[in-house]
Amino acid sequence: MRVAFQGEPGAFSEEAAVQLLGESITTIPRPTFDAAFRAITEGLADALLAPVENTLAGPVVRVYDLLLESTLTITAETILPIEHHLIGCPGATLGDLRSVASHPMALAQCERFFVAHPHLKRVPAEDTAGSVREALARGDKSSAAIAGRRAAEHYAGVILASDIQDNAENFTRFFLLRPAAENHLPAPDARKMSIAMRLAHRPGALLASLEPFAKHGFNLQKIESRPIHGRPWEYQFFLDVEADSSSQLESALKEVRAATSDLRVLGLYVAARNSATAREGKQ
């Protein structure tokens, strides 16, 4: 399977794809989320792995917008522990460093490290893995980058400091997306569903749309709103719900549709392991 992702080889998204699907896949790096979503229609990939939310930074809003614009279906999810490492050139030491590059979010998630090393200049970069590639390509022992262990291995860098992130509970959730036309059958134990819906314009519409899930005893795990482009002050809602069976979900959806102006099931899939289990499985 060819799996597209946003970023460069060694990125966290590539690591998440391998975690979910195994080392036998072929990963297809793409420079932007828009390019990653086009990879399947351009014949470059069979599937796409995209981050949808981080426990510290929140939702990846561009991915939600692109998911709604596309016809792709969520067929699986995975949760990756985000562990930041300081990566330098072979032979470099922490004392040699004068600058550290990475994605702005990664730099921000390592604030305590920079407080402890105030002489280090922070250099924003397009992505974590790309910052490692550039640092190693220059061969400058005074420059380093922050990224995951996979990036260090891919570019033959040296980890000068491990796990420098401020918060150990740093996880990113990813969706595996595939063309809806391929009619992938959900796994027998698929009981988690992602939904996009627009509300009818009447008082109490949000409550009416959520009541069926409560009535049927479902776990409403998440609700996220996004502005509808071109329609000021109107919103698209994204929901994640989980039930004891997929048939129960279908029953509830009939009632939800009556309270919405538009409803689209984005995918029915097996829920990923929780954050604690994900970290244990990675060790």
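Before going into details, it helps to say that this report is about the structure given with it. (Residues numbered from 1 in each chain as written. Predicted model: local features only at pLDDT ≥ 70, side-chain atom pairs only at ≥ 80, totals over all residues. Heavy atoms only, no water.)

Moving on to the layout of surface pockets. Taken as a whole, the largest pocket holds about 530 Å³ of empty space. Lining the largest pocket are 23 residues, with Gln6, Phe12, Pro51, His103 and Met105 sitting closest to its centre. Breaking the lining of the largest pocket down by element, the ones donating at least two residues are helix 1 (12-21), strand 3 (47-54), strand 4 (58-59), helix 4 (104-108) and strand 11 (171-179). Its residues assigned to classes, the lining of the largest pocket comprises 11 nonpolar, 10 polar and 2 charged. Approximately 290 Å³ is the volume attributed to the second largest pocket. In terms of lining residues, the second largest pocket is bounded by 22 residues, among which Ile74, Thr75, His184, Pro186 and Leu268 are the most central. Broken down by secondary-structure element, the contributors of at least two residues to the lining of the second largest pocket are strand 5 (72-81), strand 11 and strand 15 (260-269). Classifying every residue of the lining of the second largest pocket by side-chain character gives 13 nonpolar, 5 polar and 4 charged. (1 Å grid on protein atoms, 1.4 Å probe; cavity = no way out; pocket = protein on both sides within 12 Å on 5 of 7 lines; lining within 4 Å. Points joined across faces, edges and corners; volume = space filled by probe spheres on them. Helix = DSSP H or I, 4+ residues; strand = E, 2+ residues; numbered from the N terminus. Nonpolar A, V, L, I, M, F, W, Y, C, P; charged D, E, K, R; others polar.)

Turning next to unusual backbone geometry. Backbone phi values are negative for most residues with the exception of glycine, while trans is the configuration of most peptide bonds. In this structure, Asp163 is a non-glycine residue whose phi angle is positive, near 50 degrees. Residue position: Asp163 is located in the loop between strand 10 (158-161) and strand 11. You can call Asp163 partly exposed: its relative accessible area is 43%. You will see that Trp233, though not glycine, has its phi angle at about 70 degrees, which is positive. Looking at the secondary structure, you find Trp233 in the loop between strand 13 (219-227) and strand 14 (235-242). Residue Trp233 is classed as exposed on the basis of its relative accessible area, which comes to 76%. (Buried < 20%, exposed > 50% of the residue type's maximum accessible area, 1.4 Å probe, protein only.)

What follows is about the pattern of salt bridges. Tallied over the full model, the rule gives 17 salt bridges. Here Arg150 makes a salt bridge to Glu14, at a shortest N to O gap of 3.1 Å. Of the two residues, Arg150 is situated in helix 7 (residues 149-154) and Glu14 in helix 1; the sequence distance between them amounts to 136 residues. Where Arg38 meets Glu42, a salt bridge forms, and the shortest distance between an N and an O atom there is 3.2 Å. Take Arg38: its relative accessible area is 40%, and that puts it in the partly exposed class. Owing to a relative accessible area of 42%, Glu42 belongs among the partly exposed residues under this scheme. One salt-bridge network, held together by shared partners, links Glu53, Glu77, Arg173, Lys192, Lys222, Glu224 and Asp240. (Salt bridge = Lys/Arg side-chain N within 4 Å of Asp/Glu carboxyl O.)

Time to look at empty space enclosed by the protein. To find the voids left in a structure, one rolls a probe of water-molecule size over its atoms. Applying the stated criterion across every chain, the model contains 2 cavities of 30 Å³ or more. In this structure, the largest cavity occupies an estimated 50 Å³ of space. Together, Tyr64, Phe175, Ser194, Ile195, Lys222, Phe238, Leu239, Asp240 and Leu266 line the largest cavity. Only strand 12 (192-199) and strand 14 provide two or more residues apiece to the lining of the largest cavity. No other element matches the 3 residues that strand 14 contributes to the lining of the largest cavity. Class assignment for the residues of the lining of the largest cavity results in 6 nonpolar, 1 polar and 2 charged.

A few words now on helix 6 (residues 128-138). Looking at helix 6, one finds that the buried residues are Thr128, Ala129, Gly130, Ser131, Val132, Ala135 and Leu136. Where helix 6 is buried, its residues contact helix 1, strand 6 (85-88), strand 7 (99-102), helix 4, strand 9 (143-147) and helix 7. You can read the cap of helix 6 off the contacts: a side-chain oxygen lies 3.3 Å from the backbone nitrogen of Ala129, and it is on Asp127. Two residues or fewer past helix 6, Gly139 is found with a positive phi of approximately 70 degrees. (Contact = heavy atoms within 4.5 Å. Polar contact = N/O pair within 3.5 Å; in protein donor to acceptor, adjacent residues only side chain to side chain.)

The complete set of buried residues in helix 8 (residues 205-215) reads Ala205, Ser209, Pro212 and Phe213. Projected onto a plane normal to the axis of helix 8, the buried residues spread over an arc of 100 degrees and lie on a single side. Exposed positions of helix 8 whose direction lies more than 90 degrees from the buried face are Leu207, Ala214 and Lys215. Within two residues after helix 8, Gly217 carries a phi angle of roughly 75 degrees, on the positive side. (Arc of directions from axis to C-beta.)

Assignment of secondary structure puts His85 in strand 6. On a C-alpha basis, the gap between His85 and Leu249 in space is 42 Å, while along the polypeptide they are 164 residues apart. Apart from the residues lying within four places of it in its own chain, the contact partners of His85 are Ala145, Ile146, Ala147, Gly148, Arg149, Ile159, Ala161, Ser162, Asp163 and Ile164. Here the side chain of His85 touches Asp163 through a polar contact of 3.1 Å, landing on its backbone nitrogen.

Quick look at the sheet that holds strand 10 now. The sheet built from 5 strands is open, its strands ordered 8-7-9-6-10 with mixed pairing. Bordering the open sheet on either side are strand 8 (121-124) and strand 10, each of which pairs with just one other strand. Ignoring strand direction, the axes of neighbouring strands in this sheet form an average angle of 35 degrees. Relative to strand 9, strand 6 is paired through 3 bridges, and the arrangement is antiparallel. Following the sheet pairing, Ile87 is matched in strand 9 by Ala145. In the packing of helix 6 onto the sheet, the strands contacted are strand 6, strand 7 and strand 9, and the crossing angle to strand 9 comes to about 155 degrees. (Pairing = 2+ DSSP bridges. Axes fitted to C-alpha atoms, helices over the stretch in contact; angles between N-to-C directions.)

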